[in-house]
Amino acid sequence: MFLGINAIAQDSTIALKEVTVMARAKKKIETEMKMAVTVDEFLASSDQISFIKRGAYAWEPMLNNMSTERSVITIDGMHIFGACTDKMDPVTSYVESNNLSTIDIKSGQEGSLHGATVAGSIDLRRKNTPFSTESKWGGAYQTGLEFNNKQFFNLGNVSYSSERFVADGSVSFRQAGNYTDGNRAEVKHSQYNKFNSSLGLAYKIRPLSSVRLDAILDIAKDVGYPALPMDLWLSRALITSASYKQLSENGLIRVWDTKLYFNAVEHYMDDTQRPENLVHMDMPGWSTTYGLVSRANMIAGSINSEIQLNTYSNLSIAEMRMYPQDRSQRTMFAYSWPWVTTRFASIAMTNSWDISGKSRLNFGGSLGYNYNFSQYTEFNWIFHPGAPREKSRILPALHAGYQFNTNNFDLSAGAGYGHRAPSVSEAYGYYIYNSFDRYDYIGNPDLKNEISWEVNASAGFKTDKAGIEARVNNFYIRNYIIGRILSLGSPMNYQSVGVKGYTSLSHARIFNVAVNARYDLLPHLHWKGGLTYARATDNKGGNLPFIRPVSYQSSIHFMYKKMSFQTSVNGDFIQRNYSPEYGEDQTADYWVWNASADYTFRLKNISTVLQVGAENLLDAWYSTYADWGNIPRMGRNIFTSLKFSL
Ligand SMILES: [Cu+2]
């Protein structure tokens, strides 16, 4: 599912005006069970991704069981940073399933092409209709209802392509009320409203070169976060870019693509809906980024290389204004992100060398420079007196991997090494309240780079009817950044129990394994299953938080004429290795059962799919290890959707 579009294949296809490979570009954003999924639900179908959930909206994606500070999340290679100190808005919340073509996930240092990382990269690739020899219109409209939280959605997208001009556009609305858990109890403050629209225009200036303008506008309003002490009143993101692409049919450089981009995110929280709050706080945040990403694809004999230059500058601002019940009396003002500028530049290269028809060597590296500047250093000086206002870091990365493939067997082994800089919160955050362990967090501008040493391997066996694959990776991370209780300082938030400062552990280890299998019972009856296990420890052998227990999923897919049926179970085992030290308690095991059916038919030349299904059919009450504050997940949810596509 996550193989993604091979950018090189697609580009050269355009150049050579072949249409055969184009079918691969039509990879859909949908899961086995559901055709109308959110970006989060789609990501959840990858065994490399788990989520911290603070409600029904904007889940925080964890790659290789590591939080978002440790991965690079980009939209078409563009860097963008959320504007919420409480992580209400991961980058994945600013796109919608109908403006994406695929999501490209790279594990560990292979992801360093997009920037300095430890866990890997998640690149959200937008729809990008290729030029065509004759004028063509395309489009889809999808609508549906989810009954548990009365979610109603409308997703539409159109595309036009001709020999010299291409346009892609999309609009979507989602509106959901509070959901109910498996005991039919309403989970208050779990509603959301999201609007997303995108537009892309491309023009071919010469036979092999084109320019493209893109924009996304995303607005989320009145979003509840049941696990947090506050909600979101408004979040708005404008994401824009202008790019120039040059193709070449021969020579060393085959594709050269350069993009200038700008994005601005604003975020306004709201705690006035929570009667339990005695003191009110406004905590608005702003994040503005502009940058340049330029990549070149080169082919020299049996070596295929990609070079990428990344530069960006981000300004992150977050304010904290405290009021008593009477809002005319402001009692306190602070910057929780004191106008922090991050400038980053890296040059990265990745190569794939086909040694023979069966074996391939992938290798690459990057060299990055990270610069931080804190405008209102006085906030950082309260806990770190005399901390420098500016900080520069060099962030190197290296990786290599060997792949061996025959018709039936696949084997791979690899290793990586890379640095990452602390995030804005980790380095400069000031009294950022964490409602999970109920501590206020303080950043440390002098944190060392986190340094990752990584090994990975995979083995697979497949026939036409069956396949099995296992993947493992192990990260040894030096200077692992995590919050530790500070003896000095008193909590500012009346709900918090103390103050934690970000510090570096001498090291931590994270181990992940995933096994996936499939078997075709009959030509139209397919089984699939998967199992994951992870283990993560700190320097003293204690457990790290938010590590997924043993999890499994198994599904059956059956096709009959124009109908198809699918059913699945998924669950987690009991969480054995939880971490009381970092605020976790043990989470019980659970499993849920899902089923759906769909019917495909044609209305003239419009292909139509109708789907009806149910998630958590048995209405199980459960909460997962990564549900913030142990909030329960959704009970039985019946969903229907209807999709028309041209
Ligand atoms: Cu927020």
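Residues numbered from 1 in each chain as written. Predicted model: local features only at pLDDT ≥ 70, side-chain atom pairs only at ≥ 80, totals over all residues. Heavy atoms only, no water.

Draft legend 1. Fine view of the side chain of threonine 342. Of note, threonine 342 is situated in strand E17 (residues 332–354). Of the polar contacts made by the side chain of threonine 342, one reaches the side chain of asparagine 372; its length is 2.9 Å. (Helix = DSSP H or I, 4+ residues; strand = E, 2+ residues; numbered from the N terminus. Polar contact = N/O pair within 3.5 Å; in protein donor to acceptor, adjacent residues only side chain to side chain.)

Draft legend 2. Spatial organisation of the nonpolar core. Of all hydrophobic cores here, the largest spans 47 residues; its most connected members are Ile75, Ile103 and Leu124. Here the element with the most residues in this core is strand E24 (residues 466–485); it accounts for 4 residues. With 40 residues, the next largest nonpolar core counts Ala334, Tyr431, Ile442 and Val499 among its residues. (Core = buried A, V, L, I, M, F, W, Y, C linked by side-chain atoms within 4.5 Å. Buried < 20%, exposed > 50% of the residue type's maximum accessible area, 1.4 Å probe, protein only.)

Draft legend 3. Region of the structure containing the sheet that holds strand E3 (residues 71–75). Sheet architecture is open: 4 strands sit in the order E4-E3-E6-E5, paired in mixed fashion. Across the chains shown, the open sheet's two edge strands, defined by having one partner strand only, are strand E4 (78–79) and strand E5 (100–107). (Pairing = 2+ DSSP bridges.)

Draft legend 4. Looking closely at the coordination of the copper ion. Summarising the metal site, the copper ion is bound by the protein donors Cys84 (SG), Met88 (SD), His267 (NE2) and Met269 (SD), whose distances to it range over 2.1 to 2.5 Å. Each of the 4 donor atoms bound to the copper ion contributes to angles spanning 95 to 121°, and the resulting shape is tetrahedral. Read from N- to C-terminus, the donor residues coordinating the copper ion fall into the pattern C-x3-M-x178-H-x1-M. Each of the two residues, histidine 267 as well as methionine 269, counts as buried. (Donors = N, O, S within 2.8 Å, 3.2 Å for Na, K, Ca; no water. Tetrahedral: all angles 85-135°; square planar, octahedral: opposite > 155°, others 65-115°.)

Draft legend 5. Seen up close, the environment of glycine 144. Within the secondary structure, glycine 144 sits in strand E7 (residues 136–146). By relative accessible area, which is 7% here, glycine 144 ends up buried. A C-alpha to C-alpha distance of 31 Å links glycine 144 and leucine 531, two positions 387 residues apart in sequence. With sequence-adjacent residues up to four places away left out, glycine 144 is seen in contact with Gln151, Phe152, Phe153, Thr640 and Ser641. (Contact = heavy atoms within 4.5 Å.)

Draft legend 6. Expanded view of the packing of aromatic side chains. Following the criterion strictly, the structure yields 28 aromatic pairs and no others. Pairing phenylalanine 81 with tyrosine 312 gives two aromatic rings, centres 5.4 Å apart and planes at 50°, and the pair type is tilted. Of this pair, phenylalanine 81 sits in the loop between E4 and E5 while tyrosine 312 sits in strand E16 (residues 303–323), placing them 231 residues apart in sequence. Classification of phenylalanine 81 by relative accessible area gives partly exposed; the value is 29%. Residue classification places tyrosine 312 among the buried positions, given a relative accessible area of 10%. By way of ring pairs, the aromatic residues Phe333, Tyr335, Trp339, Tyr376, Phe379, Phe383, Tyr430 and Tyr431 are connected into one cluster. The ring of tyrosine 480 carries the charged tip of arginine 70 above its face, separated from the ring centre by 4.0 Å. (Phe/Tyr/Trp six-rings, centres within 6.5 Å; stacked < 30°, edge-to-face > 60°. Lys NZ or Arg CZ within 6 Å of the ring centre and 35° of its normal.)

Draft legend 7. Here's a closer look at a nonpolar patch on the surface. A cluster of nonpolar residues, Leu145, Phe147, Phe152, Phe558, Tyr560, Met563, Phe565, Tyr599, Leu610, Val612 and Ile638, forms a patch on the protein surface that exposes about 940 Å² of accessible area. Sorting the residues of the nonpolar patch by element identifies strand E27 (551–560), strand E28 (563–572) and strand E30 (606–615) as the ones contributing at least two each. Structurally, the position occupied by tyrosine 599 is in strand E29 (residues 590–603). The exposure class of tyrosine 599 is partly exposed, given its relative accessible area of 36%. (Patch = residues over 30% accessible without salt bridge, like charges linked within 9 Å, V, L, I, M, F, W, Y side chains within 5 Å. Areas by Shrake-Rupley, 256 points an atom, 1.4 Å probe, with all protein chains shown as cover. Salt bridge = Lys/Arg side-chain N within 4 Å of Asp/Glu carboxyl O.)

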